[in-house]
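# Summary of structural features
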Amino acid sequence: MPEEQLPQGVDPTVPSVARMYDYYLGGKDNFASDREAAEKFIEVVPGMRMIAQANRAFLRRAVTELAGQGIRQFLDIGSGLPTQENVHQVVHRIIPDAQVTYVDNDPIVLAHGRALLADNPRTTVIQADMREPKALLDHPEVRATIDFDRPVALILLAMLHFVPEDADADAIVTSVREALSPGSYLVLSHGFAGYSGQETQEKAQEVYVSTATGSITSRSPDQIAAYLEGLDVLPPGIVPVEAWRPEFDEDVPIDFTRPGILGAVARLP
């Protein structure tokens, strides 16, 4: 997107976590500042491109499972830039009239998403901020497209690690859980520096402090488990995303000492 066509509020000199993630995935919707910051992070976590791909594959497998269970509403908070195998594409192959609502606060995400989905009546892109969960959940367009009295698959994919304070992250998860009816699902993934990753966390923070988001925070499996307390966590539980129900029944080793992204899917009883 040429700079003169950028949505209001976009500064191409400040890295965006959404555009950095697009770069990790091999996309082209990013600027020089995003690529420079992403390359610095790849120096910290050399496998970051594969980790990002594994996170997308986890999302694809999770929403395939939930659509197969008959879930007809999907709310993707922090959806990021459109790429291959977006939630609506996966879900609509199984349930063509399912509702998919994307939420993001990045103006470029909104511009790309709305252009892509202009002719898709069962998919909506909304501007709201996860850090204000009550306002997000009460947004008129969210309420118009999602019926919280019926089961919803709510997706928080690789988002909570951009919330530095544990209390704030807890408040976000509590708010979204309280909005969901029984039979709903929470799809969650979160960055983890590994049990021996203090140096990795510190170096990662040095990179992400330059972004518009301003931080990245590792949380352990136990901390992630607290978000899911009282829910029915689907097997295999909280694992590196590449190990969550891998395709072809392949045996994926689980190693919590290495940096990566942890994922889980849980059902509200």
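Scroll up to find the structure this text is about.
Residues numbered from 1 in each chain as written. Predicted model: local features only at pLDDT ≥ 70, side-chain atom pairs only at ≥ 80, totals over all residues. Heavy atoms only, no water.

### Some thoughts on the overall build of the chain
The following threshold applies: Every helix listed is a DSSP run of H or I at least four residues long, and every strand listed is a run of E at least two residues long, numbered separately from the N terminus. Contact criterion: two residues are considered in contact whenever any of their non-hydrogen atoms come within 4.5 Å of each other. Residue exposure ignores everything except the shown protein chains as possible cover, and the areas themselves are Shrake-Rupley values with a 1.4 Å probe. The charged-residue count follows a simple rule in which Lys and Arg add positive charge and Asp and Glu add negative charge, with His and chain termini not counted at all. The location of each charge is read from NZ of Lys, CZ of Arg, CG of Asp or CD of Glu.
Broken down by element type, the chain carries 10 helices and 8 strands. Considered along the principal axes of its C-alpha atoms, the chain spans approximately 45 × 45 × 40 Å. A fraction of 70% describes how many contacts in the chain between residues 6 or more apart in sequence connect residues 24 or more apart. On the chain, roughly 12,400 Å² of surface is accessible, and the fraction owed to carbon and sulfur atoms is 50%. One finds the centroid of the 22 positive side-chain charges in the chain at a distance of 4 Å from the centroid of its 39 negative side-chain charges.

### Thoughts on the packing of helix H1 (residues 17-24) against helix H2 (residues 32-44)
To keep it simple, the criterion reads: Here the axes come from fitting lines to C-alpha atoms, over the contacting stretch only for helices, and the angles between their N-to-C directions go from 0 to 180 degrees. With respect to orientation, any angle under 35 degrees is reported as roughly parallel, any angle over 145 as roughly antiparallel, any angle of 65 to 115 as roughly perpendicular, and every other angle as oblique. Whether a crossing is left-handed or right-handed is set by the direction in which the near helix is turned from the far one by less than a right angle, anticlockwise for left-handed and clockwise for right-handed.
Contact geometry for H1 and H2: axes closest at 9 Å, N-to-C directions at 65 degrees. The angle between H1 and H2 places the two elements in the roughly perpendicular class. The way H1 lies across H2 gives a crossing that is right-handed. Residues Arg-19, Met-20, Tyr-23 and Tyr-24 of H1 pack against Asp-34, Arg-35, Ala-37, Ala-38, Glu-39, Phe-41 and Ile-42 of H2.

### Concerning the environment of Ala-37
Within the fold, Ala-37 resides in helix H2. Taking the C-alpha atoms as reference, Ala-37 lies 36 Å from Arg-267; in sequence the two are 230 residues apart. Filtering out sequence-adjacent residues up to four positions away, Ala-37 remains in contact with Pro-15, Met-20 and Val-207.

### Digging into the side chain of Asn-30
Which entries qualify depends on this criterion: Polar contact is the term for a pair of N or O atoms within 3.5 Å; when the atoms are in protein, one must be able to donate a hydrogen and the other to accept it, and sequence-neighboring residues count only if both atoms are side-chain atoms.
Among the structural elements, Asn-30 can be located in the loop between H1 and H2. At 3.1 Å, the side chain of Asn-30 forms a polar contact with the backbone oxygen of Gly-27. There is a polar contact of 2.8 Å between the side chain of Asn-30 and the side chain of Arg-35. If near-sequence neighbours (up to four positions away) are discounted, Asn-30 is found in contact with Arg-19, Asp-22, Tyr-23 and Arg-35.

### Things to note about the nonpolar core
Convention followed: What is meant by a nonpolar core is a set of buried Ala, Val, Leu, Ile, Met, Phe, Trp, Tyr and Cys residues, joined one to another through side-chain atoms within 4.5 Å. Only protein chains enter the accessibility calculation, which uses a 1.4 Å probe. A residue is then buried if its area is under 20% of the maximum for its type, exposed if over 50%, and partly exposed in between.
Counting residues in hydrophobic clusters, the biggest one holds 51 residues, and the most contacted among them are Tyr-24, Phe-74, Val-87, Tyr-208 and Val-265. At 10 residues, the largest contribution of residues to this core is made by helix H3 (residues 48-68). When residues no more than four places from it in sequence are discounted, the contact partners of Tyr-24 are Ala-38, Phe-41, Ile-42, Met-48, Arg-49, Ala-52 and Tyr-208. Counting 35 residues, the second-largest nonpolar core is a separate cluster that includes Ile-126, Leu-188, Ile-224 and Leu-231.

### Quick look at H3
Applicable threshold: Multiplying one less than the number of residues by 1.5 Å gives the expected span of a helix.
With 21 residues, H3 extends 30 Å between its outermost C-alpha atoms, agreeing within 8% with the 30 Å of an ideal straight helix rising 1.5 Å per residue. Looking one or two residues beyond H3, the residue adopting positive phi is Gly-70, at roughly 95 degrees.

### A short note on unusual backbone geometry
Pro-235 connects to Pro-236 through a cis peptide bond whose omega is 10 degrees. Unlike most non-glycine residues, Ala-158 shows phi in positive territory, near 55 degrees. Mapped onto the elements of the fold, Ala-158 is located in the loop between strand S4 (153-157) and helix H8 (166-179).

### Describing the pattern of salt bridges
Defined as follows: Whenever Lys or Arg places a side-chain nitrogen within 4 Å of a carboxyl oxygen from Asp or Glu, that contact is recorded as a salt bridge.
Counted by the stated rule, this structure contains 12 salt bridges. Note that Glu-85 is salt-bridged to Arg-93, the shortest N-O span being 2.7 Å. Of the residues examined, Glu-85 reaches a relative accessible area of 29% and is grouped as partly exposed. Relative accessible area serves as the criterion here: at 55%, Arg-93 is assigned to the exposed category. Linking Glu-199 and Lys-203 is a salt bridge whose minimum nitrogen-to-oxygen distance equals 3.0 Å. Placement of the pair is Glu-199 and Lys-203 together in helix H9 (residues 198-208), with a separation of 4 residues, close to one helical turn.

### Overview of H1
Quick reminder: α-helices carry 3.6 residues per turn. Residues three or four places apart thus point the same way. Burial of H1 is extensive: 8 of the 8 residues sit out of reach of the surface. Here the buried face of H1 lies against H2, H3, helix H5 (107-116) and H9. Capping of H1 at its N-terminal end is provided by Ser-16; its side-chain oxygen lies 3.2 Å from the backbone amide nitrogen of Ala-18.

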